[in-house]
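What follows is each chain in one-letter form.
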Amino acid sequence: MQNVLMDLLDQMLELVYVADVETHELLYINSAGQEKFGISTLGNAKCYKVLQGLDEPCSFCTNDKLTFDKVYSWEFTNEMVGRHFLLKDKLVDWNGRIARMEIATDITESQQEKIALKNALNAEIVIKDCVRKLYETENLGEAINYVLRKIGLFLHADRTYVF
């Protein structure tokens, strides 16, 4: 039965790893994870070293939030691989050791789309506000200064000009 489970985990497109909660020793990582992080053998590798490039346990480690009966979900951007993940963590018994199993789904593209949509919406709000000000204001100089200030703030510019 365990071989079937290991084969299933190994065939998943999501990254799956198991780490000892006490020692942070990486006990298992599936093929997708091995490929993403360039791992061929585990040895006594520490999860924080292999997966995050850190020399000590992660400050954001979820071990203290995990239980055997519930999945803890969260999002994180892994700077080492430059990808944003939806993570699902749970405590498991791994050959008699208490371990954290984490399943990581790469959501980078959807996160980038979400940011692009938010930026487009914010731009539309600024444009409407500027058009409203130009339409309502009788003093063109005042309206132009207002529009330049709004555009400069939106674009995080030091200065704005009209040529």
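Below you will find a few notes about this structure. (Residues numbered from 1 in each chain as written. Predicted model: local features only at pLDDT ≥ 70, side-chain atom pairs only at ≥ 80, totals over all residues. Heavy atoms only, no water.)

### Re the packing of aromatic side chains
Thought 1: Using the criterion set out here, one finds five aromatic pairs in the structure.
Thought 2: Taking the centre distance of 6.3 Å and the plane angle of 50° together, the rings of Phe60 and Trp74 count as tilted. Placement of the pair is Phe60 in the loop between α3 (47–52) and β3 (72–78) and Trp74 in strand β3, with a sequence separation of 14 residues.
Thought 3: A residue is classified by how much of its surface remains accessible, and Phe60, at 27% relative accessible area, is partly exposed.
Thought 4: The buried category is assigned to Trp74, whose relative accessible area is 16%.
Thought 5: Connected via pairs of aromatic rings, a cluster forms that spans Phe60, Trp74 and Phe76.
Thought 6: The ring of Tyr146 is capped by Lys133, whose NZ or CZ atom sits 4.9 Å from the centre of that ring. (Phe/Tyr/Trp six-rings, centres within 6.5 Å; stacked < 30°, edge-to-face > 60°. Helix = DSSP H or I, 4+ residues; strand = E, 2+ residues; numbered from the N terminus. Buried < 20%, exposed > 50% of the residue type's maximum accessible area, 1.4 Å probe, protein only. Lys NZ or Arg CZ within 6 Å of the ring centre and 35° of its normal.)

### Structural notes on the pairing of strand β5 (residues 97–106)
Thought 1: Looking at chain direction, strand β1 (residues 15–20) and β5 are connected through six bridges and run antiparallel. Within the sheet, the bridge partner assigned to Val16 lies in β5 and is Ile103.
Thought 2: Bridge count for strand β4 (residues 83–94) against β5 is ten bridges, and the pairing is antiparallel. Residue pairing for β5: Leu91 is matched across the bridge by Arg100.
Thought 3: Here β4 folds back onto β5, and the loop between the two strands holds two residues, one of which, Asn95, carries a positive phi near 55°. (Pairing = 2+ DSSP bridges.)

### Focus on the packing of helix α4 (residues 108–136) against helix α5 (residues 140–155)
Thought 1: Running from N to C, α4 and α5 point in directions that differ by 170°, and their axes come no closer than 9 Å. Taken together, the axes of α4 and α5 lie roughly antiparallel to each other. On the side of α4, the interface is formed by Asn119, Asn122, Ala123, Val126, Asp129, Cys130, Arg132, Lys133 and Leu134, while α5 contributes Leu140, Glu142, Ala143, Tyr146, Val147, Lys150, Ile151 and Phe154. (Axes fitted to C-alpha atoms, helices over the stretch in contact; angles between N-to-C directions. Parallel < 35°, antiparallel > 145°, perpendicular 65-115°, else oblique. Contact = heavy atoms within 4.5 Å.)

### Points about the pairing of β4
Thought 1: Of the strand pairs in this sheet, β3 and β4 are connected by seven bridges, and their pairing is antiparallel. Looking at the pairing, Phe76 lines up with Phe85 of β4.
Thought 2: Between the antiparallel neighbours β3 and β4 lie four residues, among them Gly82 with a positive phi of about 65°.

### Section: the pattern of salt bridges
Opposite charge on two side chains permits pairing when their charged atoms draw close.
Thought 1: Per the counting criterion, the structure on display carries ten salt bridges.
Thought 2: Here Glu25 and Arg97 are joined by a salt bridge, their closest N and O atoms 3.0 Å apart. Of this pair, Glu25 sits in the loop between β1 and β2 (26–29) while Arg97 sits in strand β5, and the two are 72 residues apart along the sequence.
Thought 3: Across the salt bridge formed by Asp129 and Lys150, the nearest N and O atoms sit 3.3 Å from each other. Of the two residues, Asp129 sits in helix α4 while Lys150 sits in helix α5, which places them 21 residues apart along the sequence.
Thought 4: Each of the salt bridges in this network shares a partner with another, and the network as a whole consists of Asp129, Arg132, Glu136 and Lys150. (Salt bridge = Lys/Arg side-chain N within 4 Å of Asp/Glu carboxyl O.)

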